[in-house]
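The chain contents come next:
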Amino acid sequence: DTAVSQTPKYLVTQMGNDKSIKCEQNLGHDTMYWYKQDSKKFLKIMFSYNNKELIINETVPNRFSPKSPDKAHLNLHINSLELGDSAVYFCATALALGYEQYFGPGTRLTVT
Amino acid sequence: AQTVTQSQPEMSVQEAETVTLSCTYDTSESDYYLFWYKQPPSRQMILVIRQEAYKQQNATENRFSVNFQKAAKSFSLKISDSQLGDAAMYFCAFINAGNMLTFGGGTRLMVKP
């Protein structure tokens, strides 16, 4: 069984649309994250979610919002998509502070 | 704010040889963790090795080892007996008490047969 899964793997959509990327983990971890990897491979954290406490990277536009229906899921919802949102988005989980983060396979988002 | 710098955008190594990837970081904290992640063409992020800042002993994991110099804020990765499957992007990463992981810009490693 895949420890951290993301759906969809690829997402192509038009500017202005609203879309969601789903993340599910079966590791029982308390902490989940979303990262954005741009075209230059640079990885940047977007959100950290730990026991219902959300920590937001202040540089992330408020068009992005994480939603956690339960402990095993942290979905990423994006409103009014822009061309600059095109990137690969990674979900990750960790048992606790300092423990390694397990990454999902990534979702390549292309905004046209 | 924490920063992580990987000064080598690309490196190449001959198969079976040894290569060292550099990483420096900047922080005012004394308690933190450092990681090296590997990202092959499949795009999956894979943990290679982990180091606790309070430990003086360098972490090792089979052919992978680190040279952790806390005073110099340096955390290099050494890959011994390089294999074709080691070809990938390698990211150095730092996590602090706030539990936010900061990545370096990555080093693309090419392995020549």
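Rules used throughout
- Residues numbered from 1 in each chain as written.
- Chains lettered and ligands numbered in written order.
- Predicted model: local features only at pLDDT ≥ 70, side-chain atom pairs only at ≥ 80, totals over all residues.
- Heavy atoms only, no water.
- Helix = DSSP H or I, 4+ residues; strand = E, 2+ residues; numbered from the N terminus.
- Rg over C-alpha atoms; globule rule 2.2 N^0.38 Å.
- Contact = heavy atoms within 4.5 Å.
- Lys, Arg positive; Asp, Glu negative; His and termini not counted.
- Charge placed at Lys NZ, Arg CZ, Asp CG, Glu CD.
- Buried < 20%, exposed > 50% of the residue type's maximum accessible area, 1.4 Å probe, protein only.
- Areas by Shrake-Rupley, 256 points an atom, 1.4 Å probe, with all protein chains shown as cover.
- Pairing = 2+ DSSP bridges.
- Axes fitted to C-alpha atoms, helices over the stretch in contact; angles between N-to-C directions.
- Disulfide = S-S within 2.5 Å.

Notes on the overall build of chain A
Next, step 1: Counting its regular elements, chain A contains 0 helices and 11 strands.
Next, step 2: Along chain A, helices and strands appear, N-terminal first, in the series β-β-β-β-β-β-β-β-β-β-β.
Next, step 3: In summary, chain A has a C-alpha radius of gyration of 13 Å against a globular reference of 13 Å for 112 residues, a match within 12%.
Next, step 4: In terms of overall dimensions, chain A has C-alpha extents of about 35 × 30 × 30 Å along its principal axes.
Next, step 5: Of the contacts formed within chain A by residues at least 6 apart in sequence, a portion of 54% connects residues at least 24 apart.
Next, step 6: Of the charged side chains in chain A, 12 are positive and 11 negative, and the gap between their average positions amounts to 6 Å.

Regarding the overall build of chain B
Next, step 1: Each helix and strand counted, chain B has 0 helices and 12 strands in total.
Next, step 2: The helix and strand sequence of chain B, counted from the amino end, reads β-β-β-β-β-β-β-β-β-β-β-β.
Next, step 3: Each of the three principal axes of chain B carries a C-alpha extent, and together these read 40 × 25 × 20 Å.
Next, step 4: Per-residue burial for chain B yields a buried fraction of 50% across its 113 residues.
Next, step 5: Partitioning the contacts of chain B with sequence separation of at least 6, the portion at a separation of at least 24 is 54%.
Next, step 6: For chain B, the exposed area adds up to about 5300 Å²; of that, 46% sits on carbon and sulfur atoms.

Notes on the pairing of strand S3 (residues 19-25) of chain A
All names here are of chain A.
Next, step 1: Both strand S1 (residues 4-7) and S3 contribute to a ladder of 4 bridges, which runs antiparallel. Across the sheet, the residue bridging to Ser5 is Glu24, located in S3.
Next, step 2: As judged from the 3 bridges shared by S3 and strand S8 (residues 75-78), these two strands associate in the antiparallel manner. The partner of Lys19 across the bridge, within S8, is Ile78.

Some remarks on the sheet that holds S8(A)
Within a beta sheet, neighbouring strands are joined by backbone hydrogen bonds and run either parallel or antiparallel to one another.
Residues and elements named next belong to chain A.
Next, step 1: Read across the sheet, 4 strands follow the order S1-S3-S8-S7 without closing on themselves; strand pairing throughout is antiparallel. In the strand order of this sheet, the two ends are held by S1 and strand S7 (64-67), each with one partner. Taken pair by pair, the neighbouring strands of this sheet meet at an average axis angle of 20°, ignoring direction.
Next, step 2: Two strands pair when backbone bridges link them, and S7 and S8 are joined in this way by 4 bridges, in the antiparallel orientation. Bridged to Pro66 within S8 is Leu76.

Quick look at the state of the cysteines
Residues and elements named next belong to chain A.
Next, step 1: Under the defined criterion, the tally for this structure stands at 2 disulfides over all chains.
Next, step 2: Paired through a disulfide, Cys23 and Cys91 show a sulfur-sulfur distance of 1.8 Å. Classification of the bridge connecting Cys23 and Cys91 rests on its S-S torsion, roughly -65°, and on that basis the disulfide is left-handed. One end of the pair, Cys23, is in strand S3; the other, Cys91, is in strand S9 (residues 87-94), with 68 residues separating them in the sequence.
Next, step 3: Note on Cys23: relative accessible area 1%, which makes it buried.
Next, step 4: Cys91 sits in the buried class, given a relative accessible area of 0%.

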